[in-house]
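# Observations on the three-dimensional arrangement
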Amino acid sequence: MTDVELRQLRYFVAVAEELNFGRAADRLLIAGPSLSQQIKTLERDLGVRLFDRDRRSVALTPAGAALLPHTRALLERADDLRRRAGRLAGSEAVRLGYVNWLPADLTSRTAGVAQVHVDAWVAPSHTQAARVADGSLDLAVCWVRDADLKRHGLRARLLGADRLYAVSTGTDTGDVRAGDTTVLLDDDTNSWSSWNDYAERLAHDTGAQAVPISDGGITGPAFFDHVRRSRRPVVNSPKGQTTSLPPDLVRREIAGPSVHWTWSLVWRESETRTAVLAAVDALCDGVGDLGLRAPDAWLPEGDPHR
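What comes next is a walk through the structure.

Reading the values: rules and limits
- Along each chain, residues carry numbers from 1 onward, in the same order as the chain's sequence is written.
- Only residues with pLDDT of 70 or above have their local features reported here, since the model is predicted, and side-chain atom pairs are shown and tallied only from 80 upward, although totals for entire chains, interfaces and linings are computed over all residues.
- Where side-chain values are given, they derive from all heavy atoms of the structure, hydrogens and water being excluded.
- Summary of the burial criterion: residues with accessible area below 20% of their type's maximum are buried, those above 50% are exposed, and those between are partly exposed, where the area comes from a 1.4 Å probe applied to protein chains only.
- Helix and strand assignments come from DSSP, with helices taken as H or I runs of at least 4 residues and strands as E runs of at least 2, each series counted from the N terminus.
- One bridge is not enough; two strands pair if DSSP finds at least two bridges between them.
- Whether a set of points on the 1 Å grid over the protein atoms alone is a cavity depends on a 1.4 Å probe fitting there but being unable to get out, while an open set qualifies as a pocket with protein on both sides within 12 Å along at least five of seven lines; lining residues are those with an atom within 4 Å of a point.
- Grid points are joined across faces, edges and corners, and a volume is the space filled by probe spheres set on the points.
- Charged means Asp, Glu, Lys or Arg here, nonpolar means Ala, Val, Leu, Ile, Met, Phe, Trp, Tyr, Cys or Pro, and polar covers whatever is left, Gly included.
- Side-chain rings of Phe, Tyr and Trp (the six-membered ring for Trp) are treated as a pair once their centres are within 6.5 Å; stacked means planes under 30 degrees apart, edge-to-face means over 60, and tilted covers the remaining angles.
- The criterion is that NZ of a Lys, or CZ of an Arg, lies within 6 Å of the ring centre and within 35 degrees of the ring normal, and then a charge sits over that ring.

## Considerations on the pairing of strand S13 (residues 258-268)
Burial analysis of S13 places eleven of its eleven residues in the buried class, which makes it a mostly covered element. Burial of S13 is two-sided: the residues Ser258, His260, Thr262, Ser264, Val266 and Arg268 facing one way and the residues Val259, Trp261, Trp263, Leu265 and Trp267 facing the other way are all buried. Judged from the three bridges that link them, strand S5 (residues 139-142) and S13 form a sheet pairing that is antiparallel. Following the sheet pairing, alanine 140 is matched in S13 by valine 266. Relative to S13, strand S6 (residues 154-163) runs antiparallel, the two being bridged by nine bridges. Bridge pairing links glycine 160 to tryptophan 263 in S13. In this structure, S13 lies alongside strand S14 (residues 297-298), joined through two bridges in parallel fashion. Note that in S14 the partner of valine 259 across the bridge is tryptophan 298.

This is how it looks when you write it as C-alpha cells:
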C-alpha cells in the first residue's frame, strides 16, 4: 500500500466511471497503454483485481465495486486538504473594495495568508458595505455605523482613522473650535450619504454650522471655492486629507473636540473562509486606538469604534 499514489486512484475512478479504457484515457489526457499499465500496477500494489476486462468490455470486479466509494471519499479528502493548505499558504483570492483610502502596506501584511485583489470600482462607503453584504466583495474599507452593520449582517474592525482639519482663508493657522467651523452637506446622496450622516451628527453635537450645497463641493476645487466664500473655517472631508492646499488657504487643526473619521474593515457575519478571516487579522491586529481614546476625541454616535 505504500506505493499507491493518488494519481493511480484517480485513474481507477475514471476507468470505473467510463468502463472503457479508451474514453478514460482521453478524459485523463494520457495514452491508453500507459493507463492500462498504471491500473495493473495499482492492482498489484493493492493485492486485488479491480476490473474484469477483455477485448469487448470492462467491468468492475466485486472487490473493485467495494473499493470505489472508499476511493472517491479518499480523493475528496485529499482535495479538501489541498484547498485548506492553499488557503493557509495565501493562494485563495479575497476581493477587497475601498472608498479612497487603503493601508500603504496592505499587500505585505496579507501576502502570507491570502491573495487580496483590490476591486477597481471605487465607490462610497454605503455602497461598498452593501456589496460585502450581497457577496460582491469579501471585505471593504469604509465608514460604517452600528446600524449599518446590523442591517447588512456585517462585522467591523478598526483599520484606520483620520483626524479631520479645517481649511480657512487668511493667515491664522491656529486651532479652531469645532463649534466655530462650517461643515458642508451635499444633496447628491448617492455619492455623499455617509459623509452627510457624519456631518449632520458633527453639527448636532458640536454646534458646527451645517451648510447644504449642490455642486459636489465636498472635495476638490469646488470645496476650495466654498472655503473662500465662507466666513468660517470649513471642515475638510476624508477624501481631501492628502490634497495640497492652494496658496491662499491655510490648514487649521480642529480642537475642543478633535474630530475623527474612522475606517472600518467589514466582512459578513456568516463568513467562514480561512483566507478572509486571516486577512482581517493580518490587517487589523496591532492597529491600536489611533488616538480615538484621547479625552477630547469626537466620534459620532453609532460609530462602532466609539
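Continuing now.
## Here's the deal with empty space enclosed by the protein
Summed over the entire model, instances satisfying the criterion amount to one cavity of 30 Å³ or more. By volume, the largest cavity amounts to about 120 Å³. Of all the elements in the fold, those that place two or more residues in the lining of the largest cavity are helix H6 (125-133), helix H8 (189-206) and S13. Considering every element that reaches the lining of the largest cavity, the biggest residue donor is H8, with five residues. Here the lining of the largest cavity is composed, by residue class, of seven nonpolar, seven polar and one charged.

## Comments concerning the packing of aromatic side chains
Describing an aromatic ring pair means giving the distance of the ring centres and the angle of the ring planes. In total, this model carries eleven aromatic pairs according to the counting rule given. Their ring planes at 70 degrees and their centres at 6.2 Å tell us that phenylalanine 21 and phenylalanine 51 sit as a pair that is edge-to-face. Of this pair, phenylalanine 21 sits in helix H2 (residues 21-28) while phenylalanine 51 sits in strand S1 (residues 51-53); the two residues are 30 residues apart in sequence, bridging distant segments of the chain. An identical accessibility class is assigned to phenylalanine 21 and phenylalanine 51; each is buried. Measuring from centroid to centroid gives 5.1 Å for tryptophan 143 and tryptophan 261, while their planes differ by 25 degrees, and the two rings are stacked. Note that tryptophan 143 is positioned in the loop between S5 and helix H7 (146-152) and tryptophan 261 in strand S13, a separation of 118 residues in sequence. One aromatic cluster is present, formed by Trp101, Trp143, Trp195, Tyr198, Trp261, Trp263 and Trp298 through successive ring pairs. The cationic tip of lysine 239 hangs over the ring face of tryptophan 192; the distance from NZ or CZ to the ring centre is 4.8 Å.

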